[in-house]
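What follows is the residue order along each chain.
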Amino acid sequence: MTSTGPLRDPANRVSPKAVRLWLLESLVALVFFVGGSLLVSRWVGGSDWSWVPRWLAADPWLLPVGVAVVTVPFLVAEPFVRYAVHRWELSGDVVYARSGFLTREWVFVPVSRIQTVDKGQGWFERMLGLATLEIRTASHAGSSTIKGLDFQVAAGLAERLAHRAEELRDDAT
């Protein structure tokens, strides 16, 4: 079978609350980036090491400020871009998911090949009422995940997939 055009987008977006989840995760990353650069700046500040640039030894506060100025725009924009591209759909006998911005990934999982369907929640996901659905198959690709689903949507989808997979079970699984 040959394709006559680009792949269409899957029908369903992840939950809008996923943006808040990804913003929280970005905030944690920002704390680690700026905190790490602050530790490095205190370590090299005022040092007389030849490998440390003079401007950094004289003004070590520039390092965490520079890290914050460079990373904040990316960490703030990333959740919105991620929400715009993450989609999923249960279409007939296939789970279709798309994710990624710079490197886009399309995943098609035949329901008949599904071995297990798991839903999980991290701390932030639990706070926001979200879940991640993990679909495992016996293929070389392993498992596929759909992140940022409302908990009830993930629970319902997991149940539908489990029942449908049992109905479609074939000899290859």
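Attention here is on the structure that accompanies the text.

1. Overview of the sheet that holds strand E3 (residues 94-99)
Move 1: Pairing is antiparallel across the open sheet formed by four strands, whose spatial order is E1-E2-E3-E4. Among the strands making up the open sheet, the edge pair consists of strand E1 (12-13) and strand E4 (105-110).
Move 2: In this structure, E3 lies alongside E4, joined through six bridges in antiparallel fashion. Across the sheet, residue Ser-99 finds its bridge partner in E4, namely Glu-105.
Move 3: This element, helix H5 (residues 151-168), spans strand E2 (87-91) and E3 of the sheet and lies at about 35° to E2.

2. Observations concerning the nonpolar core
Move 1: Val-95, Ile-114, Leu-133, Ile-135, Ile-146 and Leu-161 are the most contacted members of the largest nonpolar core, which totals 26 residues.
Move 2: Every element with two or more residues in this core is listed here: helix H1 (17-44), E3, E4, strand E5 (114-120), strand E6 (130-137), strand E7 (143-150) and H5.
Move 3: When residues in this core are grouped by element, the largest group, five residues, is from H5.
Move 4: Beyond its immediate stretch of four places on either side in the chain, Leu-133 contacts Val-117, Asp-118, Lys-119, Ser-144, Thr-145, Ile-146, Leu-149, Ala-154, Leu-157, Ala-158 and Leu-161.

About the criteria used
- Residues numbered from 1 in each chain as written.
- Predicted model: local features only at pLDDT ≥ 70, side-chain atom pairs only at ≥ 80, totals over all residues.
- Heavy atoms only, no water.
- Pairing = 2+ DSSP bridges.
- Helix = DSSP H or I, 4+ residues; strand = E, 2+ residues; numbered from the N terminus.
- Contact = heavy atoms within 4.5 Å.
- Axes fitted to C-alpha atoms, helices over the stretch in contact; angles between N-to-C directions.
- Core = buried A, V, L, I, M, F, W, Y, C linked by side-chain atoms within 4.5 Å.
- Buried < 20%, exposed > 50% of the residue type's maximum accessible area, 1.4 Å probe, protein only.

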